[in-house]
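# Structural characterization, general
Chain residues, written in single-letter form:
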Amino acid sequence: MTAVIEFEAVGKRYVGVDSLRDLSFRIGEGEVLGLLGHNGAGKTTTMKLILGLIAPSAGRISVFGASPTGAEARALRQKLGYLPENVSFYEQLSGREVLTYFARLKRVPLRQIDGLLEKVGLTHAAGRRVKTYSKGMRQRLGLAQALLGAPRLLLLDEPTTGLDPAATRDFYAMVRELKDNGSTVILSSHVLPGIEPYIDRALILGRGRRLALGSIDELRTEAGLPLRVSARGDWRDTPTRWPAGVRPLAIGAERLELEVAPHAKMAALRQLAADSRTQDLELQAPTLENLYTHFSTRSEAAA
Amino acid sequence: MNAILTVAGKEFRDGLRNRWVLAIALVLGLLAVGIAYFGAAASGAVGFTSLSTTIVSLASLAVFLIPLIALMLAYDAVIGEQEQGTLLLLLTYPLSRTSLLLGKFLGHGLILATATVTGFGVAGLVISIGAEDIVLGELVRSLGLFILSAVLLGWVFVALAYLVSVLVSEKSRAAGLALVLWFLFVLVFDLVLLALLVGAGERIGREGLTYLLLLNPTECFRLLNLTGFPAAQTAAGVTSVAADGALRPAALLTSLLAWIAVPLALAVWRFRNRHA
């Protein structure tokens, strides 16, 4: 897989503050990367570096094989789409006029505009001034703008802020479609359960450093967080001996809750399945949110 | 080049839409007709008077108004988009910062030129119809020069406004600094020059003072329009030190062009070398 983005020991220093330190990673074509971190963790800085809005103070960045601040930057930007956090537009122009302006600047055929407006569900409001748009409509206009010219690489900073659940679903369907067409997508979000099913890998940042990088499975292995197993049934009367790595959390008349270390998972499941009191089993692997909390609190404890 | 035209087109359409063009043209046109008609009121008569008096009065008024209008039009060109949040997005598009600034200059310049030409042009038409003993060729020539120099003066202050706009970090500061610039060039410079003339006039010499005038674009504009007429001698004030023709119109026009090019180049340079 060819690398679309390559960071090698990248650092970014603003006056006296390290915004990013020693960050290295590669993203391949058609990959969807979730960029996670607290406020000030370096997500927006990372995006700005990829866009070439700022230059790194240390290390090397390559996007489609070229430096984003180098001589080929302009050709590079033709292939990029960006949705900034809290996007804003020219209030006095209509939605269609805004898109026309940006399409001209990107040298994209103007006939794409109607399709994009329809795709983000703004056709009915295309002639209205942006001034009258709601937060969600502005966000959708921002998306349409980012999609101009079918970019090979999309950077979406908090793309679902202000979108209602239906619009959010449509948005992620669009991300999947883009991925299937071979585009690479980087998106940051605070709504971790929302993005979990759609990202291939997650890059977790904390205070400008890389805390973890990998697919959810890889992160689970790395974190070694216990699973939650709950079994329906009455478990109160007889004490049970559990295999090593299994810790009962709650024993009730209707439900048993266990915390199971990854290595003890199968042993615990076999025992529960064999037990006649088990009426039903539910297995809950650590979610992206659990993993995120794990990696970010671990780094804070270390600091 | 395409990007420059796109940006310029948007700025110009904005100018039409928010009525900047109309407002400037109206103000300038009404003032010009008013001055032409009431210009001789001091001598006890109303009605269109001599061309030289009209141009001289117009120039003294335009020297205050045009810089102010240009600064108001353009002071937020960059800082405004930055505060609005659209600058960040624009800079991720395939257009250079130079193109962005030049495009804006072209757009704002066109707004100012359209309004000035329309406003003063219509006024000229009214004068040519209303006034009796005016030689048409002379009117066209001197009004033409007046309009040309007024447009150039406007562009000078658009360029200066851009320099302000890329230097500051807040829109309100840009507005304040623009006013300071106006104050310095339009009011303070004259006073300083007058003080110099009185205090050290002999040491600097008449020629030295003449060249000092080139340091102020508004003086260049005044000189261009006043020196041609005898009536100017009384109305030109400090400027009259140079009124005997030490500075040819070509030199003055060149100076105005330099006053456009230098601040604009500085603004572009500063814009290219600063953080996003």
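This section reports on the structure supplied with the text. The shown structure was predicted, so the numbers you read here are calculated from the model rather than taken from an experiment.

### Comments concerning the overall build of chain B
Check the secondary structure of chain B and you find 11 helices and 0 strands. The order of α-helices and β-strands along chain B, N terminus first, is α-α-α-α-α-α-α-α-α-α-α. The long-range share in chain B, meaning contacts at least 24 apart out of those at least 6 apart in sequence, stands at 83%. For chain B, the accessible area works out to roughly 12,100 Å², and carbon and sulfur atoms hold 69% of it.

### So, the interface of chain A and chain B
For an interface, size is often stated in terms of accessible area lost upon the parts coming together. Taken together, the contact pairs 26 residues of chain A with 23 residues of chain B. Carbon and sulfur atoms supply 62% of the area that chain A and chain B bury against each other, a total of about 2,400 Å² over both sides. Put simply, Arg17 of chain B and Glu97 of chain A hold a salt bridge, and the shortest N to O gap is 2.7 Å. Linking chain A with chain B are 7 residue pairs in polar contact (both at pLDDT 80 or more). If you list the elements that add at least two residues to the side of chain A that touches chain B, you get helix H1 (43–51), helix H2 (73–77) and helix H3 (95–105) of chain A.

### Section: the sheet that holds strand E2 (residues 17–28) of chain A
Residue and element names in this part refer to chain A. The antiparallel open sheet is built from 3 strands, whose spatial order is E2-E1-E4. Each having just a single partner strand, E2 and strand E4 (58–63) make up the two edges of the open sheet. Going from strand to strand, the sheet's axes swing by 20 degrees on average, the running direction of each strand aside. Sheet analysis places strand E1 (residues 3–14) next to E2, joined by 8 bridges and oriented antiparallel. Across the sheet, residue Phe7 finds its bridge partner in E2, namely Phe25. Each of E1, E2 and E4 touches H1; the most contacted strand, E1, lies at about 120 degrees to it.

### What about the packing of helix H6 (residues 97–130) of chain B against helix H7 (residues 136–167) of chain B?
All names here are of chain B. Interhelical geometry of H6 versus H7 gives an angle of 150 degrees and a closest axis separation of 9 Å. Regarding the angle of H6 to H7, the classification is roughly antiparallel. Where H6 crosses over H7, the handedness of that crossing is right-handed. Among the residues making up the contact of H6 with H7, the classes are represented as 18 nonpolar, 7 polar and 1 charged.

### Digging into the environment of Val260 of chain A
Residue and element names in this part refer to chain A. Tracing the backbone shows Val260 in strand E12 (residues 255–260). Residue Val260 is classed as buried on the basis of its relative accessible area of 1%. Sequence separation between Val260 and Pro226 is 34 residues, and the spatial gap between their C-alpha atoms is 5.0 Å. Setting aside its immediate chain neighbours within four residues, Val260 contacts Pro226, Leu227, Val229, Gly245, Val246, Lys265 and Ala268.

### Notes on the packing of aromatic side chains
As enumerated under the stated definition, the model contains 14 aromatic pairs over all chains in all. Arranged with centres 5.8 Å apart and planes meeting at 85 degrees, the rings of Phe157 of chain B and Phe185 of chain B form a pair that is edge-to-face. Of this pair, Phe157 of chain B sits in helix H7 while Phe185 of chain B sits in helix H8 (residues 171–213); the two residues are 28 residues apart in sequence, bridging distant segments of the chain. An aromatic cluster is present here, built from Phe89, Tyr90, Tyr101 and Phe102 of chain A together with Tyr93 of chain B joined pairwise through their rings. Between Lys12 of chain A and the ring centre of Tyr14 of chain A, over which it is positioned, the NZ or CZ distance is 5.3 Å. Between the NZ or CZ atom of Arg97 of chain B and the centre of the ring of Phe271 of chain B, over which it lies, the distance is 5.5 Å.

### Considering the nonpolar core
If you look at the biggest cluster of nonpolar residues, it comprises 172 residues, and the most contacted ones within it are Phe102 of chain A together with Phe146 of chain B. With 18 residues, the top contributor of residues to this core is H7 of chain B. What Phe146 of chain B contacts, discounting residues up to four positions off in sequence, is Ile55, Leu58, Ala59, Ala62, Phe120, Phe221 and Asn225 of chain B. Listed in part, the 12 residues of the second largest apolar core include Trp242, Val246, Leu258 and Ala268 of chain A.

### A closer look at the sheet that holds strand E11 (residues 246–251) of chain A
All names here are of chain A. A sheet is described by the order of its strands in space; here 4 strands give the open sequence E11-E12-E10-E13, paired in antiparallel fashion. Across the chains shown, the open sheet's two edge strands, defined by having one partner strand only, are E11 and strand E13 (280–284). If you compare each strand with its neighbour and ignore which way they point, the axes differ by 20 degrees on average. Strand direction decides the pairing type here: strand E10 (residues 227–232) and E13, joined by 5 bridges, are antiparallel. Looking across to E13, one finds that Val229 is bridged to Leu283.

### What to know about the pattern of salt bridges
Residue and element names in this part refer to chain A. The final tally for this structure, using the stated rule, is 23 salt bridges over all chains. For Asp18, the salt bridge is made with Arg21, and the minimal N-O distance between the two is 3.9 Å. For Asp114, the salt bridge is made with Arg96, and the minimal N-O distance between the two is 2.8 Å. Separated by 18 residues along the polypeptide, Asp114 in helix H4 (residues 112–119) and Arg96 in helix H3 bring together distant segments of the chain. Since its relative accessible area comes to 44%, Asp114 is described here as partly exposed. Linked by salt bridges that have partners in common, Arg13, Asp18 and Arg21 make up one network.

### A closer look at the layout of surface pockets
In this structure, the largest pocket spans a volume of roughly 490 Å³. Taken together, 22 residues form the lining of the largest pocket, with Gly52, Thr69 and Arg77 of chain A together with Arg97 and Arg272 of chain B sitting closest to its centre. It is H2 of chain A that contributes the most residues to the lining of the largest pocket, 3 residues altogether. In the lining of the largest pocket, the residues fall into 11 nonpolar, 5 polar and 6 charged. Considering only enclosed or pocket space, the second largest pocket measures out at about 420 Å³ in volume. As for the second largest pocket, its lining consists of 20 residues, of which Gln92 of chain A together with Glu11, Asp14, Asn18 and Asp76 of chain B are closest to the centre. Elements with a contribution of two residues or more to the lining of the second largest pocket: helix H1 (2–17), helix H3 (51–74), helix H4 (79–84) and H6 of chain B. It is H1 of chain B that provides the largest number of residues to the lining of the second largest pocket, a total of 4 residues. A per-class count over the lining of the second largest pocket returns 7 nonpolar, 6 polar and 7 charged.

### Some words on the pairing of strand E7 (residues 184–188) of chain A
Each regular strand shows side chains that alternate between the opposite faces of the sheet. All names here are of chain A. With respect to burial, E7 is a largely interior element, 5 of its 5 residues being buried. Every second residue of E7 is oriented toward a common face, with Thr184, Ile186 and Ser188 on one face and Val185 and Leu187 on the other, all of them buried. Bridging between strand E3 (residues 32–36) and E7 involves 4 bridges; their strand directions are parallel. Paired with Leu35 across the strands is Ser188, a residue of E7. In this sheet, E7 lies alongside strand E6 (residues 153–157) in parallel orientation, the contact comprising 5 bridges. Paired with Leu156 across the bridge in E7 is Leu187. The β-α-β motif built from E6, the intervening helix H6 (residues 165–180) and the parallel element E7 has right-handed crossover chirality.

Parameters and conventions
- Residues numbered from 1 in each chain as written.
- Chains lettered and ligands numbered in written order.
- Predicted model: local features only at pLDDT ≥ 70, side-chain atom pairs only at ≥ 80, totals over all residues.
- Heavy atoms only, no water.
- Helix = DSSP H or I, 4+ residues; strand = E, 2+ residues; numbered from the N terminus.
- Contact = heavy atoms within 4.5 Å.
- Areas by Shrake-Rupley, 256 points an atom, 1.4 Å probe, with all protein chains shown as cover.
- Buried area = accessible area lost by both parts, 1.4 Å probe.
- Salt bridge = Lys/Arg side-chain N within 4 Å of Asp/Glu carboxyl O.
- Polar contact = N/O pair within 3.5 Å; in protein donor to acceptor, adjacent residues only side chain to side chain.
- Pairing = 2+ DSSP bridges.
- Axes fitted to C-alpha atoms, helices over the stretch in contact; angles between N-to-C directions.
- Parallel < 35°, antiparallel > 145°, perpendicular 65-115°, else oblique.
- Left-handed = near helix turned anticlockwise from the far one by under 90°.
- Nonpolar A, V, L, I, M, F, W, Y, C, P; charged D, E, K, R; others polar.
- Buried < 20%, exposed > 50% of the residue type's maximum accessible area, 1.4 Å probe, protein only.
- Phe/Tyr/Trp six-rings, centres within 6.5 Å; stacked < 30°, edge-to-face > 60°.
- Lys NZ or Arg CZ within 6 Å of the ring centre and 35° of its normal.
- Core = buried A, V, L, I, M, F, W, Y, C linked by side-chain atoms within 4.5 Å.
- 1 Å grid on protein atoms, 1.4 Å probe; cavity = no way out; pocket = protein on both sides within 12 Å on 5 of 7 lines; lining within 4 Å.
- Points joined across faces, edges and corners; volume = space filled by probe spheres on them.
- Right-handed = clockwise from strand over helix to strand, strands pointing away.

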